[in-house]
Amino acid sequence: QVQLVESGGGLVQAGDSLRLSCSASGRTFSSDAMGWFRQAPGKQREFVAAITFGWPSGSTYYSDSVKGRFTISRDNAKNTVYLHMNSLKPEDTAKYYCAAKGRRGSAAAEYAYDTWGQGTQVPVSS
């Protein structure tokens, strides 16, 4: 089973940038994509970004709310996926989760992901 460990979360101010990291170990070959989701207080978890395991670069997908500000990338040698967050807004405040996609379905569909990290908090102050 794939194991995911997230890091990089922390308090930031509006307009700041932050990079989240997700290191994967285990049977990573069984996953065809990695994604980032987030859950704001009192709200449902939502899709943020995903990247497929193409080489040297896979296809990327973004939610409308983050497109143009966030960038998902990966370092294949390190088996690590990143979420570069730029121009952060207070509405980006959430717990961010990385996930491995092990089921068929859209890269934006939560049900297609079968392994999840512990999540990391990103509070954005105004």
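Residues numbered from 1 in each chain as written. Predicted model: local features only at pLDDT ≥ 70, side-chain atom pairs only at ≥ 80, totals over all residues. Heavy atoms only, no water.

A.B. asks: Teacher, can you tell me more about the environment of glutamine 118 here?
C.D. replies: Take glutamine 118: it is sitting in the loop between β10 (113-116) and β11 (120-122). Taking the C-alpha atoms as reference, glutamine 118 lies 24 Å from alanine 14; in sequence the two are 104 residues apart. If near-sequence neighbours (up to four positions away) are discounted, glutamine 118 is found in contact with Leu4, Val5, Glu6, Lys95 and Tyr97. (Helix = DSSP H or I, 4+ residues; strand = E, 2+ residues; numbered from the N terminus. Contact = heavy atoms within 4.5 Å.)

A.B. asks: It is not clear to me how the sheet that holds strand β8 (residues 80-85) should be interpreted in this structure. Could you clarify?
C.D. replies: Across a sheet, paired strands are connected by hydrogen bonds in the backbone, their directions being either parallel or antiparallel. Spatially, β1-β3-β8-β7 is the arrangement adopted by the 4 strands of the open sheet, whose pairing is antiparallel. For this open sheet the edge positions go to β1 (3-7) and β7 (70-75), each flanked by a neighbour on one side alone. Sheet twist, expressed as the mean angle between neighbouring strand axes with direction ignored, is 20°. (Pairing = 2+ DSSP bridges. Axes fitted to C-alpha atoms, helices over the stretch in contact; angles between N-to-C directions.)

A.B. asks: How do you make sense of the state of the cysteines when you look at a structure like this?
C.D. replies: One way to say it: the disulfide is the covalent bond shared by the sulfur atoms of two cysteines. One pass over the full model with this rule turns up 1 disulfide. Put simply, cysteine 22 and cysteine 98 are joined by a disulfide, and their sulfur atoms are 2.1 Å apart. Negative torsions about the S-S bond denote left-handed disulfides, and the value of about 60° found for cysteine 22 with cysteine 98 makes this one right-handed. Residue cysteine 22 is found in strand β3 (residues 18-25), and its partner cysteine 98 is found in strand β9 (residues 94-101); the two are separated by 76 residues along the sequence. Each member of the pair cysteine 22 and cysteine 98 is classed as buried. (Disulfide = S-S within 2.5 Å. Buried < 20%, exposed > 50% of the residue type's maximum accessible area, 1.4 Å probe, protein only.)

A.B. asks: Is there a simple way to think about the confidence of the model for the protein chain in this case?
C.D. replies: In regions of low pLDDT, the predicted coordinates are not meant to be interpreted in detail. Per-residue confidence for the protein chain averages 93 on the pLDDT scale, and 94% of its residues sit at or above 70. Element-level mean pLDDT values for the protein chain span from 94 in β1 up to 98 in strand β2 (residues 12-13). (pLDDT = per-residue confidence, 0-100.)

A.B. asks: What is the right way to look at the side chain of glutamate 6 in this model?
C.D. replies: For glutamate 6, the location among the structural elements is in strand β1. For the buried glutamate 6, no salt bridge is present, and the opposite-charge side chain at shortest range is lysine 95, 7.5 Å distant. Engagement of the side chain of glutamate 6 in a polar contact is seen with the backbone nitrogen of glutamine 118, the distance being 2.9 Å. A polar atom in the side chain of glutamate 6 sits 2.3 Å from the backbone nitrogen of glycine 119. If near-sequence neighbours (up to four positions away) are discounted, glutamate 6 is found in contact with Ser21, Cys22, Trp36, Tyr96, Tyr97, Cys98, Gly117, Gln118, Gly119 and Thr120. (Lys, Arg positive; Asp, Glu negative; His and termini not counted. Salt bridge = Lys/Arg side-chain N within 4 Å of Asp/Glu carboxyl O. Polar contact = N/O pair within 3.5 Å; in protein donor to acceptor, adjacent residues only side chain to side chain.)

A.B. asks: How should the packing of aromatic side chains be read in this particular structure?
C.D. replies: How two aromatic rings sit relative to each other is given by the distance of their centres and the angle of their planes. Within the structure shown, the criterion is met by 5 aromatic pairs. Both rings, one in phenylalanine 37 and one in phenylalanine 47, keep their centres 5.7 Å apart while their planes meet at 75°; by these two values the pair is edge-to-face. On the criterion of sequence distance, the pair formed by phenylalanine 37 in strand β4 (residues 33-39) and phenylalanine 47 in strand β5 (residues 46-52) is long-range, its members being 10 residues apart. In this pair, the class of phenylalanine 37 matches that of phenylalanine 47, namely buried. Between the aromatic rings of phenylalanine 37 and tryptophan 116, the centroid separation amounts to 5.0 Å while the plane-to-plane angle is 55°, which identifies the pairing as tilted. One end of the pair, phenylalanine 37, is in strand β4; the other, tryptophan 116, is in strand β10, and 79 residues separate them in sequence. Owing to a relative accessible area of 1%, phenylalanine 37 belongs among the buried residues under this scheme. An aromatic cluster is built from Phe37, Phe47, Tyr97, Tyr113 and Trp116, whose rings are joined through pairwise contacts. The ring centre of tryptophan 116 lies 3.9 Å from the NZ or CZ of arginine 45, which sits over that ring. (Phe/Tyr/Trp six-rings, centres within 6.5 Å; stacked < 30°, edge-to-face > 60°. Lys NZ or Arg CZ within 6 Å of the ring centre and 35° of its normal.)

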